[in-house]
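Single-letter residue listing:
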Amino acid sequence: MKVSSSLMLLWSFLCVSSTDAQKATSCSDNMASFKPGATNAKGRCMNWVKGKSYTYPDDFKDASDVAILNVVDIYKCPTSKKRIIISNGVPDHTVKQGNGNIPCEIRWAITLPLVTEKPEGEIQEIPIRGIIAMSANGVPAYGPQEVGSDNAVDPTGQIQDAQFWYGHATMQKVWHFHNPYMGKEAPDKDTLL
C-alpha cells in the first residue's frame, strides 16, 4: 500500500508515547516539563454497551454517571521546533459502540516536528498495525489491519465496526480510527493534523 506524502511525513516523524502527563503551561527545550510517566496509563472508562449509539457530550459518562469528555492540548514550540499533542484519547463526536470493548481515557503525549520535510530516499509503506497518525481531536489513527491480520476497513470482513469514520476500541480499551476520515463524518482540509 502506497501512501500520500503528507501522511508519510507525519508517520516518519511520529514519536509515540503514552504518559500520565500533567498539563504543561508552556513550551521549552526541557521535555521534562511534560512529565512523562507510565506507558498506556488508563483513566476512567465509558459505561457503554455493544450495539448502541452515544451522543457527545451527553452520553460520554462512566459507571458513576460522571462525564468523560475529550481533552486535547496542542503546543507549538518554536524554540525546540516541535509540536506536542497531549490528550486523553476520548473522541469528541457521536459514536456507535460496535464491539464489546468499552473505551477508556488513555493519556497520550505525541511529539512531532513543527515543520516537516520530505524524507530523503525511497518512500516506505506505513505500518499495517498500530498508531500511524494522531487526529486533531487527540485520538490516534491505526494502520489498516487489526491485530488478527483482518482488514479493518473491509465492509465485508470479520471486523464490522472498524471501517466507520467514528472509530472503535481495542481489547485494551484504546479508542482509535482506521478510516482516513479520522473522526469526521464529512472531512475537510483541516481534518488531518
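The rules behind these values
Residues numbered from 1 in each chain as written. Predicted model: local features only at pLDDT ≥ 70, side-chain atom pairs only at ≥ 80, totals over all residues. Heavy atoms only, no water. Salt bridge = Lys/Arg side-chain N within 4 Å of Asp/Glu carboxyl O. Helix = DSSP H or I, 4+ residues; strand = E, 2+ residues; numbered from the N terminus. 1 Å grid on protein atoms, 1.4 Å probe; cavity = no way out; pocket = protein on both sides within 12 Å on 5 of 7 lines; lining within 4 Å. Points joined across faces, edges and corners; volume = space filled by probe spheres on them. Nonpolar A, V, L, I, M, F, W, Y, C, P; charged D, E, K, R; others polar. Disulfide = S-S within 2.5 Å. Buried < 20%, exposed > 50% of the residue type's maximum accessible area, 1.4 Å probe, protein only.

Right, let's talk about the pattern of salt bridges for a bit. Per the counting criterion, the structure on display carries 3 salt bridges. The salt bridge involving E105 is made with R44; its shortest N-O contact spans 3.4 Å. You can see E105 sitting in strand β7 (residues 104-106) and its partner R44 sitting in strand β2 (residues 42-45), a full 61 residues away along the chain. Here the salt bridges do not stand alone but share partners, grouping R44, D62 and E105 into one network.

In this section: empty space enclosed by the protein. Inspection of every chain in the model, using the stated rule, returns 1 cavity of 30 Å³ or more. If you add up the space inside the largest cavity, you get close to 40 Å³. Together, M46, W48, F60, G89, V90, P91, P103, C104, E105 and W175 line the largest cavity. A breakdown of the residues in the lining of the largest cavity according to their chemical character gives 8 nonpolar, 1 polar and 1 charged.

Quick look at the state of the cysteines now. Covalent bonding between the sulfur atoms of two cysteines defines a disulfide. Inspection of the entire model under this criterion finds 1 disulfide. A sulfur-sulfur distance of 1.8 Å marks the disulfide that ties C45 to C104. Between C45 and C104, the S-S torsion sits near 90 degrees, and that sign places the bridge as right-handed. Residue C45 is located in strand β2, and its partner C104 is located in strand β7; the two are separated by 59 residues in the primary sequence. Judged by relative accessible area, C45 falls into the partly exposed class, the value being 26%.

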